[in-house]
Amino acid sequence: MEGGGAAPVAMEGGEPMSKSALKKLEKAKKAAEEKRAKEEKKKAEAAAAPKKAKAAQHAEDDEDMDPTQYRSNRLRALGELKEKSRNPYPHKFQTSISIPEYVVKFGEIQDGEHLEGQDQSVAGRVMSKRASGGKLMFYDLHADGVKIQVIAQSNYSDLSEEEFSRMHASIKRGDIVGINGFPGKSKKGELSIFVKSIELLSYCLHMLPKTHARGGKDQAEKSLDKKLSEVTIASEDSKVPEHWHPGLARNLERYPLKDQETRYRQRYLDLMLNSDIRNVFKTRSQVIRYVRRFLDEREFIEVETPMMNMIAGGAAAKPFKTHHNDLNMDLFMRIAPELYLKELIVGGMDRVYEIGKQFRNEGIDLTHNPEFTTCEFYWAYADYQDLMKVTEEMLSGMVKEITGSYKILYHSNGLDQPPIEIDFTPPFKRIDMIKGLEEYSEGKIKLPADLELLDSPEVNKYLVETCEKFDVKCPPPQTTTRLLDKLVGHFVEEQCVNPTFITHHPQLMSPLAKWHRSIPGLTERFELFMNKHEVCNAYTELNDPVVQRERFADQVKDREKGDDEAMAIDEGFCTALEYGLPPTAGWGMGIDRLTMLLTDSQNIKEVLLFPAMKPHEDVIEPPVRAADDLAS
Amino acid sequence: MLARVGFVARLPGFRRCERSLLSSLRCNATNSVPQTSEKPESKSVRNPRVSEGGRRKKGADLDSTSSREDIRAVRLKKVEELRAGGFEPYGYTWDRTHFAVELQKKYVDLPSATEANEEKDHVAVAGRIIARRVFGKLAFLTMRDDSGDIQLYCEKAKMMDEPFDLLKTSLDIGDFVGVKGTMKRTDKGELSVMVGEISILTKSLIPLPDKWHGLTDVEKRYRQRYVDMIMNPDVATVFRNRAKITSEIRRHMESLGYLEIETPVLQGEAGGADARPFVTHHNALAQDMYLRIATELHLKRMVVGGFERVFEIGRIFRNEGISTRHNPEFTSIELYQAYADYHDMMNLAEELVERCALAVNGSTSITYQETEISLQRPWKRATMHSLVQEVTGIDFASFGDDIEAAKDAAMGFFEGHLERHDTGTIMKSPSIGHLVNEIFEMVVEKTLIQPTFVMDHPVEISPLAKPHRSKPGLVERFELFVYGREMANAFSELTDPIEQRARFEAQVQTHNATMAAAAEYAKAKGDTALASAANDAYEVGMDEDFITALEYGMPPTAGMGIGIDRLVMLLTDSASIRDVIAFPVLKHQ
């Protein structure tokens with residue numbers, strides 16, 4: 001599928017799923033949704049009918065209430081409890097089993113079977129509430145991304161009928177409850193807990209948006225699911241996964257809470273209402289755990305280096321500046337841990353790594369957040385060839401372990417286009433940067449055979465003209481480094497959909513990498529691209545202090561030309577090199593971007609629990625609009 | 001649990017002998033060895049033990065008598081000469097078969113004055129030369145790698161001529177070498193690699209210091225940590241143990257079903273503690289941001305979101321003075337567990353610290369700064385009030401709201417034996433809760449040498465903790481003290497949004513009053529130092545979004561924070577926080 005981003009995805013039987021077919025599915029889905037909303041409304045009306053018991057009325061009336069009124073009602077109820085000296089926020093509820101464990105333990109019992117005498121205590125959030133007369137209540141209880149049904153019948157309860165209905169009237173959707181009862185299945189086969197006692201543990205003072213999408217799927221949706229899943233796991237095409245799984249495509253359209261601002265600013269709501277999200281962040285955690293385990297197994301030592309420095313070195317980026325009052329000292333937030341980690345290698349720790357935050361004072365967009373997470377490792381006596389092998393091993397192994405396959409699905413061309421497949425099967429393709437530039441421009445770009453001449457004014461002039469010719473934008477300063485970078489971005493990176501190493505960068509683009517052992521002018525470096533984005537950057541480390549000083553001096557020249565992203569010289573680091581850095585290979589990877597791929601995320605904000613957002617003046621409004629939209 | 005592989009070089013697909021530098025060294029050596037007998041560097045035959053004891057031969061220590069710049073120039077010249085001779089003095093890679101310590105173990109039974117030179121005894125090692133003795137046709141080098149030291153036995157007769165001459169003329173202490181050879185234990189019993197081939201992998205330009213231990217400029221150890229590490233391998237042992245401790249914590253938390261997550265460092269509002277934050281500015285958003293002073297409020301939002309067990313191990317930043325216990329950035333673990341309370345957290349704290357102690361020391365009995373400490377469970381649990389009463393004889397719970405009577409009683413206890421500053425602190429205490437806490441810090445803290453859970457703090461000093469289920473005015477909180485230092489802080493979390501708002505408001509009010517009082521005081525005294533300190537006043541903000549999150553309902557939850565640096569200090573017997581942080585923040589030079 002490489003480079004085939006725009007091509008239709010082949011479906012089972014070789015039939016492509018055309019744009020119009022997708023549209024049709026969308027349409028059918030929408031119609032179904034409308035239909036369901038209508039039914040829901042009808043049900044609500046029915047529920048409000050006078051023949052229903054009082055308790056039921058309570059349950060359903062709430063849904064139509066004005067959100068402000070709803071909150072003040074709940075606050076009043078809380079106040080009343082406190083006045084009666086009753087603590088509405090209990091200190092402890094002892095659970096006997098988690099809900100996922102409950103599902104495992106009792107999931108296989110017979111339909112209609114009740115295990116009286118095997119009492120359990122569970123707790124979770126009430127995500128839906130349904131009444132059937134005054135003596136029977138149903139709840140959906142969610143915890144740890146799993147749900148069970150709660151069945152409360154007044155005859156199982158110690159409470160009088162009146163107390164029973166008062167108790168259940170006080171429980172609203174979104175509340176946290178603790179339940180003691182026995183396991184069983186409804187006649188329809190739904191795993192449930194039959195309530196003996198129920199306790200309100202924490203109140204949800206706001207109306208939660210409805211979660212229609214959790215309910216039964218209609219036909220159109222199911223078939224869409226099926227088709228998407230077929231693309232992923234052909235062998236399992238009969239099994240439509242109910243929940244999103246890493247490596248599959250996500251369908252954000254199906255989320256009950258769609259508003260992006262709300263999702264990112266109030267991530268807890270996103271987690272509560274959009275069931276995939278929990279799994280997205282678990283995947284992120286799995287990625288980091290895999291990297292850690294991979295390196296620990298190879299006896300790398302995890303270390304922590306400073307996040308605040310006198311000089312922000314190790315990369316080219318604008319740093320954040322802050323001030324230490326007591327020491328009256330300006331400090332910069334780190335932009336990379338590289339130089340400190342290499343100092344530890346100088347100090348005799350032969351294999352070190354750090355997983356942590358880096359900070360860059362740059363704009364926010366789909367792939368950039370001011371703080372982001374990287375892993376860097378340094379490995380004495382190894383070189384960039386070793387790193388390529390390790391990179392293949394780590395990433396293919398990780399993707400296989402986390403997703404179950406080497407191939408993942410990703411919406412590379414927008415959510416309205418079918419997802420593409422990205423294949424992590426090792427070995428990864430390798431493209432020599434300069435040769436690639438010449439090849440993928442179909443020979444229209446020709447660089448001097450002697451690559452040491454790249455630094456000349458003639459080449460610079462040629463590159464400026466070339467950029468103009470191919471309409472490749474390079475805002476000033478038009479240094480050779482920046483011009484080359486833009487051209488490579490245009491011609492070479494575009495080829496890198498499946499994981500691809502771009503290797504052998506010119507020296508002037510790589511001030512910390514060692515010159516190539518046999519090709520003058522180039523370095524022993526590679527970047528790994530996936531879905532046309534850089535994910536790893538690695539090289540044989542430059543350890544000649546004299547050459548390192550020269551390279552820094554070149555960077556300073558670029559800085560003077562106005563490239564404020566050129567690196568600053570770090571004297572302390574050069575001194576460390578003079579004490580001797582053994583031959584070392586160093587490697588860095590962006591955790592966020594890798595996680596984006598495995599979670600079919602097009603926006604980095606999807607994989608950050610609390611992404612940086614523009615300041616907002618108003619206090620967060622509960623997202624009632626979403627509820628309204630869904631209900632109408 | 002982690003499978004331990006011998007070492008990386010043995011992993012499949014890692015071997016690449018063909019690119020050994022040595023081949024080039026041998027091939028090109030014919031006319032390449034610089035003739036240097038008349039040159040100054042020929043004098044660089046130095047006492048090999050300088051790094052270990054400082055004893056040296058008379059008149060043989062060029063390095064310590066020449067200026068650093070001179071030596072650098074000499075070594076730079078060697079770099080040039082090596083290149084001119086076709087040797088690259090900054091190698092690309094080395095295929096190592098063994099670490100020094102692995103060889104020490106493997107050949108532990110090799111008798112003195114014996115060689116082991118069968119096929120299986122061919123080894124390749126690499127490391128830094130830390131000592132060097134060269135005679136006519138024999139040289140002894142001590143090489144240090146990641147694992148430890150081993151001697152290199154270089155006999156001209158056993159090597160090609162060129163490498164041996166090269167070693168004599170171009171190799172200095174501090175250089176990295178790669179060596180291939182067989183094994184030998186010398187007559188004196190020193191296990192050695194009988195060098196067949198040697199190549200310089202990295203030429204060092206600056207000589208290692210003669211002595212590093214007891215260096216007068218202690219700060220230099222921190223400023224150039226790598227030199228500290230080269231000269232004193234115990235330094236790196238602390239960092240290895242640090243890694244073991246965080247790894248053990250992670251493993252245990254994961255086995256309990258906790259999920260590790262990352263919350264932001266840059267925040268619009270620095271909440272979760274009362275400390276001066278660092279301020280920075282985001283250009284694109286045109287917005288000032290704070291560096292987090294705690295991870296608490298964001299982790300709790302995740303409990304609201306349904307992650308019932310979460311933790312974060314990460315960096316925290318506080319804009320405060322530096323000391324043996326304080327670095328502006330430090331590492332903590334904060335963890336939150338739904339449906340648990342602070343009693344559960346006490347059990348967990350015991351479990352975690354015990355596991356870390358076992359991982360590092362193999363025992364729960366440790367020695368810290370010559371004091372025996374038993375980390376054997378269970379640890380002492382006592383309330384703050386009772387501990388204060390034990391020392392002062394005063395029951396501060398008996399004063400009700402009468403703060404003046406409480407202050408009189410406190411002043412009576414001290415009978416005027418107080419520093420001016422402490423008197424001020426007592427007199428300025430805005431509530432009995434604050435007063436009890438101040439007295440606790442003055443007289444009780446330092447007595448808590450063995451692990452002690454100090455429980456049930458006054459509500460006034462605990463804005464995020466849940467009211468005690470039976471003791472009015474107190475909260476369900478504990479701090480863990482060991483060796484007089486706070487190691488952990490935990491609560492049953494406050495989940496009531498109404499009360500949380502009121503607590504925040506009270507905190508802001510108290511904070512502002514304290515800041516104003518300090519400014520007033522400085523003004524009245526005309527004390528410029530105090531006045532400038534007061535000018536550094538910072539604001540405590542109110543995290544409205546957090547309160548909104550609580551309004552969506554947080555289950556009963558307990559949370560705990562543990563200072564990783566202090567835990568590492570305790571378990572590695574390190575006196576200063578700077579000994580457990582690789583690159584501590586230091587004053588301007």
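Analysis parameters
Residues numbered from 1 in each chain as written. Chains lettered and ligands numbered in written order. Predicted model: local features only at pLDDT ≥ 70, side-chain atom pairs only at ≥ 80, totals over all residues. Heavy atoms only, no water. Helix = DSSP H or I, 4+ residues; strand = E, 2+ residues; numbered from the N terminus. Buried < 20%, exposed > 50% of the residue type's maximum accessible area, 1.4 Å probe, protein only. Contact = heavy atoms within 4.5 Å. Areas by Shrake-Rupley, 256 points an atom, 1.4 Å probe, with all protein chains shown as cover. Core = buried A, V, L, I, M, F, W, Y, C linked by side-chain atoms within 4.5 Å. 1 Å grid on protein atoms, 1.4 Å probe; cavity = no way out; pocket = protein on both sides within 12 Å on 5 of 7 lines; lining within 4 Å. Points joined across faces, edges and corners; volume = space filled by probe spheres on them. Nonpolar A, V, L, I, M, F, W, Y, C, P; charged D, E, K, R; others polar. Polar contact = N/O pair within 3.5 Å; in protein donor to acceptor, adjacent residues only side chain to side chain. Pairing = 2+ DSSP bridges. Axes fitted to C-alpha atoms, helices over the stretch in contact; angles between N-to-C directions.

Caption draft 1: Representation of the overall build of chain B within the structure. In terms of helices and strands, chain B carries 18 helices and 19 strands. Expressed as a percentage of the 589 residues in chain B, the buried residues total 57%. By sequence separation, contacts in chain B at least 24 residues apart represent 70% of the contacts at least 6 residues apart. Summed over all atoms, the accessible surface of chain B reaches about 23,800 Å², with 50% contributed by carbon and sulfur.

Caption draft 2: Examining the nonpolar core more closely. In terms of nonpolar packing, the biggest core is built from 49 residues, with L269 and M272 of chain A together with Y552 of chain B touching the most fellow members. Among the secondary structure elements, those contributing two or more residues to this core are β1 (120-131), α8 (267-273) and α9 (275-297) of chain A together with α9 (296-304), β12 (329-338) and α17 (544-551) of chain B. Counting residues in each nonpolar core, the second largest holds 45 residues, with M253, V353, V568 and M569 of chain B among its members.

Caption draft 3: Structural context of empty space enclosed by the protein. Evaluation of the coordinates by the stated rule reveals 12 cavities of 30 Å³ or more. When its volume is computed, the largest cavity comes out at roughly 560 Å³. Taken together, 40 residues make up the lining of the largest cavity; nearest its centre are I355 and G356 of chain A together with E260, E262 and I313 of chain B. Secondary-structure elements contributing two or more residues to the lining of the largest cavity are α9, β10 (351-359) and β11 (371-380) of chain A together with α8 (233-255) and β11 (309-317) of chain B. The class makeup of the residues in the lining of the largest cavity is 15 nonpolar, 8 polar and 17 charged.

Caption draft 4: Seen up close, the side chain of E479 of chain B. Residues and elements named next belong to chain B. Of note, E479 is situated in strand β17 (residues 477-482). Here H457 takes part through its side chain, which lies 2.8 Å from a polar atom of the side chain of E479. Setting aside its immediate chain neighbours within four residues, E479 contacts M384, T452, F453, V454, H457, E486, A488 and N489.

Caption draft 5: Representation of the pairing of β11 of chain B within the structure. All names here are of chain B. Within β11, 8 of the 9 residues are buried, which leaves it mostly tucked inside the rest of the structure. Sheet topology note: the strand β7 (residues 259-260)/β11 ladder contains 2 bridges and is parallel. Each bridged residue has a counterpart across the sheet, and for E260 the counterpart in β11 is F311. Pairing geometry for β11 and β12, over 9 bridges, is antiparallel. Considered in β12, the bridge of R315 is made with T331.

Caption draft 6: Spotlight on the sheet that holds strand β18 (residues 584-590) of chain A. Residues and elements named next belong to chain A. The strand order β6-β10-β11-β18-β17-β16-β15-β14 describes an open sheet built from 8 strands, whose pairing is mixed. Lying at the two open borders of the sheet, with one neighbouring strand each, are β6 (301-302) and β14 (429-432). Pairing between β6 and β10: 2 bridges, direction parallel. Across the sheet, residue E302 finds its bridge partner in β10, namely Y353. Packed on one face of the sheet, α9 meets β6, β10, β11 and β18 and runs near 155° to β10. Its contacts with the sheet place helix α12 (residues 433-440) against β14, β15 (500-503) and β16 (525-530), and it is angled at close to 85° to β14.

Caption draft 7: Main features of the environment of P88 of chain A. Residue and element names in this part refer to chain A. In this fold, P88 is placed in the loop between α3 (67-83) and α4 (99-106). Counting along the chain gives 115 residues from P88 to Y203, while the straight-line C-alpha distance between them is 8.2 Å. Those residues in contact with P88 that sit more than four places away from it in its chain are L78, L81, K82, L200, L201 and Y203.

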